Amino acid sequence: LTPLSANWHPGAAKLWMRCNDAGAIQASHNITSIADTAIGVVTVTIATDFSGVNYAVVASCGSTKFVDIKESGANQPAAGTFRMESWDVAGAAADPGSYWVVAFGDQ
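Each value, and the rule that gives it
- Residues numbered from 1 in each chain as written.
- Predicted model: local features only at pLDDT ≥ 70, side-chain atom pairs only at ≥ 80, totals over all residues.
- Heavy atoms only, no water.
- Helix = DSSP H or I, 4+ residues; strand = E, 2+ residues; numbered from the N terminus.
- Buried < 20%, exposed > 50% of the residue type's maximum accessible area, 1.4 Å probe, protein only.
- Contact = heavy atoms within 4.5 Å.
- Phe/Tyr/Trp six-rings, centres within 6.5 Å; stacked < 30°, edge-to-face > 60°.
- Core = buried A, V, L, I, M, F, W, Y, C linked by side-chain atoms within 4.5 Å.
- Salt bridge = Lys/Arg side-chain N within 4 Å of Asp/Glu carboxyl O.
- Pairing = 2+ DSSP bridges.
- Axes fitted to C-alpha atoms, helices over the stretch in contact; angles between N-to-C directions.

### Regarding the overall build of the protein
The helix and strand tally for the protein stands at 0 helices and 8 strands. Along the protein, from the amino end to the carboxyl end, the secondary structure elements read β-β-β-β-β-β-β-β. Counting the 107 residues in the protein, one finds 33% classified as buried. In the protein, 58% of the contacts between residues at least 6 apart in sequence involve partners at least 24 apart.

Written out as structure tokens, the structure is:
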């Protein structure tokens, strides 16, 4: 992997981010903004879009009471945005203390 080919190499992380439950970015790379759109839902806007919708998002949250966080199946990712949802152990939508995200794919 060379610096000139990094944006095309699918194995190099194209973005990463840590934000709080209100969508305030604490640290990031290649993220324009985070929108807290509902309880347990955030929409991430990417600065340099992926070349298509077939990229991988890996996410986690900073709370031991949450058991699931996923890219939303209701709104498939676009080249420049994706949405994440989180639930508590009872299955109700809930905001964790923070989100951590990294994504891989082709730009």
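### Comments concerning the packing of aromatic side chains
Counted under the stated rule, the structure contains 2 aromatic pairs. Here the aromatic rings of phenylalanine 50 and tyrosine 55 are separated by 4.0 Å at their centres, their planes lie at 5 degrees, and the arrangement is stacked. A ring pair is formed by tyrosine 55 and phenylalanine 82, whose centres lie 6.5 Å apart and whose planes are at 70 degrees; its orientation type is edge-to-face. With tyrosine 55 in the loop between β4 (41-46) and β5 (56-61) and phenylalanine 82 in strand β7 (residues 81-88), the pair connects residues that are 27 residues apart, well separated along the chain.

### Examining the nonpolar core
Residues Leu15, Met17, Ile34, Val44, Phe82 and Met84 are the most contacted members of the largest nonpolar core, which totals 15 residues. Contributing elements (two or more residues each) for this core: β1 (13-20), β3 (31-38), β4, β7 and β8 (98-104).

### Let's talk about the pattern of salt bridges
Considering all chains together, one arrives at 1 salt bridge under this definition. The salt bridge involving arginine 83 is made with glutamate 85; its shortest N-O contact spans 2.7 Å. On the accessibility criterion, arginine 83 (23% relative accessible area) is partly exposed.

### Remarks on the environment of proline 77
Position of proline 77 among the secondary structure elements: in the loop between β6 (66-71) and β7. In the structure, proline 77 is positioned 20 residues away from valine 57 in sequence and 9.5 Å away in space, judged by C-alpha atoms.

### Here we look at the pairing of β1
Relative to β8, β1 runs antiparallel, the two being bridged by 7 bridges. The residue of β8 that forms the bridge with tryptophan 16 is valine 102. Counted between consecutive antiparallel strands, the loop separating β1 from strand β2 (residues 25-29) contains 4 residues, among which glycine 23 sits at a positive phi close to 90 degrees.

### Considerations on the sheet that holds β8
Reading across the sheet, the 4 strands line up as β2-β1-β8-β5 and stay open at both edges, with antiparallel pairing between neighbours. Strands at the two margins of the open sheet, each flanked by one partner only, are β2 and β5. On average, each strand axis in the sheet is inclined to that of its neighbour by 10 degrees, with strand direction left out of account.

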